[in-house]
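The lines below spell out each chain.
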Amino acid sequence: MQNRGVMIDQKVLEHMHEHISQWSACADDRSIFLQCYSMMTANTLKEIELGGFRDGPWVESLLNRFAEYYFNALDAYELHDGSAPAVWQHAHDITIMPGTLPVQHLLLGVNAHINYDLVLTVTELLREEGEETDSDQLAIRYQDYAHVNTIIANTIDAVQDTILNPSMLSMRVLDTIMGRMDEALIARSLRSWRERVWVTAIALLHAPSERVYQDEVKRLETHVMQLALAISEKRWRALIGR
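If you're wondering where the values come from, they're calculated on a predicted model, not measured in any experiment.

**Q** Describe the packing of aromatic side chains, listing the residues and the values that go with them.
**A** On inspection of all chains with the given rule, the structure shows nine aromatic pairs. Summarising the aromatic geometry, the rings of phenylalanine 33 and tyrosine 37 are spaced 5.7 Å apart at their centres and angled 25° between planes, so their arrangement reads as stacked. In this pair, phenylalanine 33 and tyrosine 37 both sit in helix H2 (residues 30-49), four residues apart, roughly one turn of the helix. By relative accessible area, phenylalanine 33 is classed as buried at 7%. Taking 5.8 Å as the distance between ring centres and 75° as the angle between the ring planes, the aromatic pair formed by tyrosine 37 and phenylalanine 66 counts as edge-to-face. Of the two residues, tyrosine 37 is situated in helix H2 and phenylalanine 66 in helix H3 (residues 56-79); the sequence distance between them amounts to 29 residues.

Structure (structure tokens):
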């Protein structure tokens, strides 16, 4: 079962790399987030192969479903019919706006994919398990989910070196001055976001009715859009510079 899952994830990585190549060739800044995402996915795959998770096949399912949300939103955006989630519509639209920093492109993608897509992905997978997921099983799911934080933390330095630093002199200066402190701050922020995601997913899982569920999803959409608008503010240029 585990080898079959890895094969599926390798195809997902190939799909990511195809888009990265196409976007990089035409200076489409959507490649910034996708490069980061592909690195995180590849490193999580390696950890699965090394047996680093309690339930590797479940993590594989999480990876694949998570990627489906990303590519479904991308396909919807490219249809130009308004069906893409608002937070992804905003993140993709920003790529054609002059003066947007690479770190903003990265964080807009991270916000949409973690704070929105990941909530729905985790909720969906846990819902499918239904009554079979008791408290002990849920604890295992959470341990594996939380273990991804370590993989993210270990990947951040490479993301900064290979994706952000080449296009942002200020990021290289910041990295030199702060050493690994800046990576630690980013890792802590993402860990906080992912912890909120888990709490929100569990709340959605236990929603007493479909109406309550949909109301909570609307609140989630409002929250992630507020974060997206904050990330997009032009004052970032004054705070970070070029």
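Still more to cover.
**Q** Could you give an account of the nonpolar core, naming the residues involved and the relevant values?
**A** Of all hydrophobic cores here, the largest spans 61 residues; its most connected members are Tyr37, Tyr70, Trp88, Leu118 and Val122. Those elements giving two or more residues to this core turn out to be helix H1 (2-25), H2, H3, helix H4 (86-94), helix H5 (102-129), helix H6 (135-164), helix H8 (181-205) and helix H9 (210-232).

**Q** Describe the pattern of salt bridges, and please don't skip the residues or the numbers.
**A** Under the defined criterion, the tally for this structure stands at eight salt bridges. Here glutamate 128 makes a salt bridge to arginine 65, at a shortest N to O gap of 3.0 Å. Remark: arginine 65 occurs in helix H3 and glutamate 128 occurs in helix H5; sequence separation between them is 63 residues. Residue arginine 65 is classed as buried on the basis of its relative accessible area of 17%. Salt bridges here are not isolated pairs; linked through shared partners, they connect Asp28, Arg30 and Glu78.

**Q** Explain the side chain of threonine 155 to me, and be specific about the residues and the numbers.
**A** Residue position: threonine 155 is located in helix H6. Given the relative accessible area of 1%, threonine 155 is considered buried. Within polar-contact distance, the side chain of threonine 155 engages the backbone oxygen of isoleucine 151 at 2.7 Å. Non-local contacts of threonine 155, meaning those with residues more than four positions away in its chain, are made with Met39, Met40 and Asn43.

**Q** Could you give an account of the confidence of the model for the protein, with specific residues and numbers?
**A** For the protein, per-residue confidence averages 84 on the pLDDT scale, and 79% of positions sit at 70 or higher. The least confident element of the protein, judged by mean pLDDT, is helix H7 (residues 169-178) at 41; the most confident is H4 at 96. The low-confidence segment residues 1-7 (pLDDT under 50) makes 10 contacts with residues lying over four places distant or belonging to another chain. Low pLDDT (under 50) marks residues 168-182, which in the prediction has 25 contacts with non-local residues, meaning those over four places away or in another chain.

Definitions and cut-offs
Residues numbered from 1 in each chain as written. Predicted model: local features only at pLDDT ≥ 70, side-chain atom pairs only at ≥ 80, totals over all residues. Heavy atoms only, no water. Phe/Tyr/Trp six-rings, centres within 6.5 Å; stacked < 30°, edge-to-face > 60°. Helix = DSSP H or I, 4+ residues; strand = E, 2+ residues; numbered from the N terminus. Buried < 20%, exposed > 50% of the residue type's maximum accessible area, 1.4 Å probe, protein only. Core = buried A, V, L, I, M, F, W, Y, C linked by side-chain atoms within 4.5 Å. Salt bridge = Lys/Arg side-chain N within 4 Å of Asp/Glu carboxyl O. Polar contact = N/O pair within 3.5 Å; in protein donor to acceptor, adjacent residues only side chain to side chain. Contact = heavy atoms within 4.5 Å. pLDDT = per-residue confidence, 0-100.

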